[in-house]
Amino acid sequence: MFPTRSRRKGAPLLPLRFLTTWSLLASSTTTLALSTIHNPKYHCPSSPPPALTPHQLLSASCPRPIPGSLTETLFSNSSFHITPWTHAPVCELTNGLTGQYCTYTNSHHGHRGFSLVATPSRAADVASWFLDLPLPKPSDGAEGEKYKVVTIPGKGKGVIATKEIKQWEEIILDYATLVVDVGFTVEVNALRGYRLLHTAVEQMGDGGNGVMELGKSSEHAQDVVENVLRTNAFSTRVGEGDYMAVYPTVSVSLVSPTGLLNRGKKSKMLTEHPSSAYTRFIQESLQVSIAASKPISPGEEITISYLTLGKTSSERAHLLKKWGFTCSCPLCTSPPSSIAASDARRKEIAKLQDLAIRAFQANKPYQALRLTRQILPLLPKEELFPLESEQLENMSRIYFVLNDMDKAEKYARLSLEVLARQGYIKWVEGWMVGKMFRRFEEEEGPRGVRY
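Notes on the structure follow. Note that the structure is a prediction, hence the values are computed from the model and not measured.

Remarks on the sheet that holds strand β9 (residues 178-181)
Now for step 1: Overall, mixed pairing links the six strands, which are arranged β3-β4-β5-β9-β11-β10 in an open sheet. Of all strands in the sheet, those with a lone pairing partner are β3 (90-93) and β10 (234-238), marking the two edges. Strand-to-strand twist in this sheet, taken as the mean axis angle between neighbours without regard to direction, amounts to 20°.
Now for step 2: Bridge analysis of β3 against strand β4 (residues 100-106) gives four bridges, and the strand direction is antiparallel. Bridging from a neighbouring strand, valine 90 pairs with threonine 103 of β4.
Now for step 3: Lying on the sheet, helix α3 (residues 190-202) is in contact with β3, β4, β5 (114-118) and β9; it crosses β3 at an angle near 165°.

Listed below in structure tokens is the structure:
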């Protein structure tokens, strides 16, 4: 993607494994918190209604869930208001005492509950659409239906298919249960931050068991919840904020390098590439699914990539040391000549991407088009299918700024059709092309003006 915008929705997820380190001097810092913390009279009723919906009312005797930042819908009976949260916010001040981060929980969202750690303003953004989120339900790809966990000789625990799985078919679906603003890790003192994380987990509907039973493999974590985040969290974007999100079912089944499935041993079910499955993130509903990147036969191992796609063999080996295992996927264990050929193609793709970006930024659109066209046929050879939509969108962008709207629309639709085929979106609708063009105009200026 040409660098004028953030990573597109639906792009492959990268596990976030190394949080910004909290200060280790926290023990000498006085706790400064809002008056609502640990004060029982400020907590919502212990038994709120079982399943919150947009029509669910809670007593206004509970404190406002987002201090001064959420416009609540009031009824003629002013003793009630709509809120997505079942607990009063628990907050901690930032290191500079100029702001605060709070934990917001809906303990009845699905079978685990949902907790958010964010600033009040960020929480207000989340609350504005939280009530419209689909209620989590057991995955269609529950263990026993499409896969099972087994011991794989020489690898420890792994996941194998129990039935024929078609390419692009969803294997497992999960919803975020713990979402943490990345800024929290650097703006809040360590001890206060750990306390807030524990509150967020403990207030969940299952008491936090689904989160706390996840693998914990970090050697740098100073706290058990921090360890869970370092090991299992995916980096994601919600609205205008960058967050860490934990998806327990996905982590237990396919992602976590240690833990329940592995009983403390390093897992070999994760690979670099080519993997048999991939992650699809649906930003609007905080969902992530694991889908088949190729047809998978019964008894075949299901693997996903731990790394950014397109890395060379030496880059993969270096990065995988962080998780303590050596990849044994077909690509990494190929004969030296095959590995060398693959590395050469990957270096060529990276080189062409860089040259295309430089050409576009230097107002050389036709050169950028030529270079992008050279990238597309290389992607299938390396099974880098998630990059296909991005390159087609780049071509649409170039034709847009050239004011060739017929070709801009052609490649915009091709890009969207790839996303639909791969399951990132359900189908292609005309308004999606218009939305893409509006984004191009915001980022590049009106069409036909640049050149």
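That was the structure; now back to the text.
Topic: helix α9 (residues 365-375)
Residues spaced three or four apart along an α-helix point in a common direction, a consequence of the helix completing one turn every 3.6 residues.
Now for step 1: Of the positions making up α9, those classed as buried are Pro365, Ala368, Leu369, Leu371, Thr372 and Ile375.
Now for step 2: Those residues of α9 that are buried lie in contact with α8 (336-361), α10 (378-381) and α11 (388-401).

Topic: the packing of α9 against α11
Now for step 1: Running from N to C, α9 and α11 point in directions that differ by 160°, and their axes come no closer than 10 Å. By the angle between their directions, the pair α9 and α11 is classed as roughly antiparallel. As for the relative orientation of α9 and α11, their crossing is left-handed in sense. Residues Pro365, Ala368, Leu369, Thr372, Arg373 and Ile375 of α9 pack against Gln391, Met395, Ile398 and Tyr399 of α11.
Now for step 2: Residue composition of the contact of α9 with α11, by class: seven nonpolar, two polar and one charged.

With respect to the sheet that holds strand β14 (residues 287-292)
Now for step 1: Strand order across the open sheet formed by three strands is β8-β14-β13, with antiparallel pairing between neighbours. Of all strands in the sheet, those with a lone pairing partner are β8 (170-175) and β13 (277-282), marking the two edges. Recorded for the sheet is a direction-independent mean angle of 20° between the axes of neighbouring strands.
Now for step 2: Note that β8 and β14 share five bridges and pair antiparallel. Considered in β14, the bridge of isoleucine 172 is made with isoleucine 290.

A look at the pattern of salt bridges
Any two side chains of opposite charge can pair, on the condition that their charged atoms come close.
Now for step 1: On inspection of all chains with the given rule, the structure shows 17 salt bridges.
Now for step 2: For lysine 146, the salt bridge identified is with glutamate 169, shortest N-O distance 3.2 Å. Placement of lysine 146 in the loop between α1 (120-130) and β6 (147-152) and of glutamate 169 in the loop between β7 (156-161) and β8 is noted, with a sequence separation of 23 residues between them.
Now for step 3: One salt bridge in this structure joins glutamate 382 and arginine 345, with 2.7 Å as the shortest N-O distance. Residue glutamate 382 is located in the loop between α10 and α11, and its partner arginine 345 is located in helix α8; the two are separated by 37 residues in the primary sequence.
Now for step 4: For glutamate 382, a relative accessible area of 4% puts it in the buried group.
Now for step 5: Note on arginine 345: relative accessible area 27%, which makes it partly exposed.
Now for step 6: One salt-bridge network, held together by shared partners, links Glu92, Arg192 and Arg195.

Thoughts on α11
Now for step 1: The end-to-end C-alpha distance of α11 is 21 Å, a good match for the 20 Å that 14 residues give at a rise of 1.5 Å each.
Now for step 2: The element α11 is extensively covered by neighbouring structure, given that 13 of its 14 residues are classed as buried.
Now for step 3: At the C-terminal side of α11, asparagine 403 shows a positive phi close to 65°.

A closer look at unusual backbone geometry
Now for step 1: Located in the positive-phi region is tryptophan 168, a residue other than glycine, with phi close to 75°.
Now for step 2: For tryptophan 168, the location among the structural elements is in the loop between β7 and β8.
Now for step 3: Tryptophan 168 gets classed as buried once you look at its relative accessible area, which sits at 18%.
Now for step 4: Even without being glycine, glutamate 383 reaches a positive phi, approximately 55°.
Now for step 5: For glutamate 383, the location among the structural elements is in the loop between α10 and α11.
Now for step 6: Under the relative-accessibility criterion, glutamate 383 is labelled partly exposed at 37%.

What counts and what doesn't
- Residues numbered from 1 in each chain as written.
- Predicted model: local features only at pLDDT ≥ 70, side-chain atom pairs only at ≥ 80, totals over all residues.
- Heavy atoms only, no water.
- Pairing = 2+ DSSP bridges.
- Helix = DSSP H or I, 4+ residues; strand = E, 2+ residues; numbered from the N terminus.
- Axes fitted to C-alpha atoms, helices over the stretch in contact; angles between N-to-C directions.
- Contact = heavy atoms within 4.5 Å.
- Buried < 20%, exposed > 50% of the residue type's maximum accessible area, 1.4 Å probe, protein only.
- Parallel < 35°, antiparallel > 145°, perpendicular 65-115°, else oblique.
- Left-handed = near helix turned anticlockwise from the far one by under 90°.
- Nonpolar A, V, L, I, M, F, W, Y, C, P; charged D, E, K, R; others polar.
- Salt bridge = Lys/Arg side-chain N within 4 Å of Asp/Glu carboxyl O.
- Expected span 1.5 Å × (residues − 1).

Purely geometric stuff here, so don't read any function into it on its own.
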